[in-house]
Amino acid sequence: MQEQQNSSQSAIRNTRIQKLADLADKGINPYPYSFDKNASAKHLQEKYAALENGEETNDAYAVAGRVMAMRNSGMFIDLMDDSGKIQIFCHKENMDEEKLKTLKLVDIGDIVGFYGTIRRTPRGELSIKANDYKILSKSLLPLPEKFHGLTDVETRYRQRYVDLIMNEDVRDTFRKRSLIIQKIREYLTNLGFLEVETPMLQTQAGGASARPFITHHNALDMDMYMRIAPELHLKRLLVGGLSEKIFELNRNFRNEGIDTRHNPEFTMLELYQAYVDYNEMMALIENMVSSIAQDVLGTMKITYQGKEIDLTPPWDRKTMVGAIKEYTGVDFGEIYTVEDARKKAREIGIDADECENWGKVLDLIFEERVEPKLIQPVHIIDYPRDISPLAKVHRDNDRLTERFETRVNGWEISNAFSELTDPIDQRTRFEAQAKAKAAGDEEAMEIDEDFITALEYGMPPAGGMGIGIDRLVMLLTDSSTIRDVIAFPTMRKL
């Protein structure tokens, strides 16, 4: 079947290349430099919505877009631009004979500009009554058959350009993604946050527990890392007093697996605010996400893959220990050693023998038994100190930290702390991470001496938060996989 498709496509391409030669014989450049387009399909559909069936005007326009269908030997053409579709009417009463002959060299998929006046057909279709046209880009490859469309998932992601041409819902998803990011920037800027940029190419990976991508700088002859998080550089800016409220919206890179919620290259919002703690961060994400949902979708109550999710603030809060007790019946707050924690995990059917500390046991149990059940928005608060090397110790329990992760539909969409500002405590945490790394934990952090030096100059108390933009867009566009919201997801090389 694939060979037949390739053979058919090759034959069509050869025919279209011949049409290029025919256009050249006529002195026509099928790839000109510009076109004086002055109207969009949507603008015309809206402006002439009240035009009666069969009525014509003398209002002249120049429109341009991709030919998506041709009927009656090219008399009727469906033209699609980035705003929608409009019909083009080509007839000998309005267009000279030579132009009509040349129209036979136009194919579905070509980008063409048309000049003409507005009319509505007796059947009610708003149309451009064309008197002239200009071929703007001759397509050599055929579009997928309209009836079946572009359905092969692998092709959709590898050839996103074809996916976008054929599927309006895909175009709508990426337009909403752009609007969501725009609204995030507006929301934070209106609160007084300053947008900044920090290095993506770093001499030391840090700011999160993840395996980095390693590259090499030839001129300096040293290995460098694609950043896994901007956290430590953003905190340096907070130390420097650039602003009491800062954020960065940009790419992170983690050398990890690929699945429906993970792509090695992803977009993260990370922000910090001086003189507040993690409670303020909870309020911020609730209000920001609900506000964006209202602005983009017109509601705070969304449907994701058939599940109703209410984003209206305030969102629920559960401690990690409390959530585990709720769903397993075991109170790990009363268990103090890793050995006892592993034993209790085995009793509830979870193998945690490889977990090196109490916090890792809790994290594993939470992931397996609690996380999938958290459909409505909830802040899981007070994470173990063992697994939170950058968060401040909880003011009421030194085994815990003032950290939360926001879960929606069972996913983590944010991770936030009352930020650790004590340089001596930070060094101790880094040393524990470095020990874990030396023991084989590839995701553990190393000691960042310069960051500790920055903290020794004094960092104000602060709340900080990271939000995964791709997952947020998935939720707000009802997309089942992260590949549907990343224009060019990472794919295995063919």
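Scroll up for the structure.
It should be emphasised that the depicted structure is a prediction, and the values quoted were computed from it without experimental measurement. (Residues numbered from 1 in each chain as written. Predicted model: local features only at pLDDT ≥ 70, side-chain atom pairs only at ≥ 80, totals over all residues. Heavy atoms only, no water.)

## Quick word on a negative patch on the surface
For the record, the criterion: Think of a patch as exposed residues, more than 30% relative accessible area, with no salt bridge, where like charges cluster within 9 Å and nonpolar side chains (Val, Leu, Ile, Met, Phe, Trp, Tyr) cluster within 5 Å. Residue-level accessible areas treat just the shown protein chains as cover; the underlying method is Shrake-Rupley with a 1.4 Å probe. Any Lys or Arg side-chain nitrogen found within 4 Å of a carboxyl oxygen on Asp or Glu counts as a salt bridge. Only four residue types enter the tally: Lys and Arg on the positive side, Asp and Glu on the negative side; His and the chain ends are excluded. Note that the charge is assigned to NZ on lysines, CZ on arginines, CG on aspartates and CD on glutamates. The helix and strand labels rest on DSSP assignments: H or I over at least four residues marks a helix, E over at least two residues marks a strand, and numbering proceeds from the N terminus.
Taken together, the side chains of Asp351, Glu354, Glu367 and Glu368 present a region of like negative charge at the surface. With respect to the helices and strands, Asp351 occurs in the loop between helix H10 (338-347) and helix H11 (358-370).

## What to know about helix H6 (residues 168-190)
The criterion, for reference: Expected helix span is taken as 1.5 Å per residue step, with the number of steps being one fewer than the number of residues.
Over its 23 residues, H6 runs 32 Å from end to end, which matches the ideal 33 Å to within 8%, given 1.5 Å per residue. Immediately beyond the C-terminal end of H6, within one or two residues, lies Gly192, with a positive phi of roughly 95°.

## Looking at the nonpolar core
We apply this condition: As used in this record, nonpolar core signifies buried Ala, Val, Leu, Ile, Met, Phe, Trp, Tyr and Cys residues forming a set joined through side-chain atoms within 4.5 Å. Each residue is placed in one exposure class: buried if its accessible area under a 1.4 Å probe, protein chains only, is under 20% of its type's maximum, exposed if it is over 50%, and partly exposed if it falls in between. Contacts are assigned to residue pairs with any non-hydrogen atoms lying within 4.5 Å of each other.
Core analysis: the biggest nonpolar cluster contains 42 residues, and Ile184, Leu188, Leu269, Leu271 and Met465 have the highest contact counts within it. Examining the composition of this core, we find that 10 residues originate from one element, helix H8 (residues 278-297), more than from any other. If sequence neighbours within four positions are ignored, Ile184 has contacts with Leu249, Leu269, Met288, Ile292, Ile469 and Leu472. Counting 27 residues, the second-largest nonpolar core is a separate cluster that includes Ala352, Cys355, Leu362 and Leu364.

## Observations concerning the sheet that holds strand E18 (residues 403-408)
Pairing between the strands of a sheet is mediated by backbone hydrogen bonds and can be parallel or antiparallel. For clarity, the cut-off: Whether two strands pair depends on DSSP finding at least two bridges between them. A fitted line through C-alpha atoms represents every axis, and for helices the fit uses only the stretch in contact; the resulting angles, taken between N-to-C directions, go from 0 to 180 degrees.
The strand order across the open sheet formed by eight strands is E6-E10-E11-E20-E19-E18-E15-E14, and the pairing between neighbours is mixed. Every other strand in the sheet has two partners, leaving strand E6 (194-195) and strand E14 (316-319) as the edge strands with one partner each. Bridge analysis of E14 against strand E15 (residues 378-381) gives four bridges, and the strand direction is parallel. For Lys318, the partnering residue across the bridge sits in E15 and is Ile380. Strands in contact with H6 are E6, strand E10 (245-253) and strand E11 (265-274); relative to E10, the strand with the most contacts, it is inclined by about 155°.

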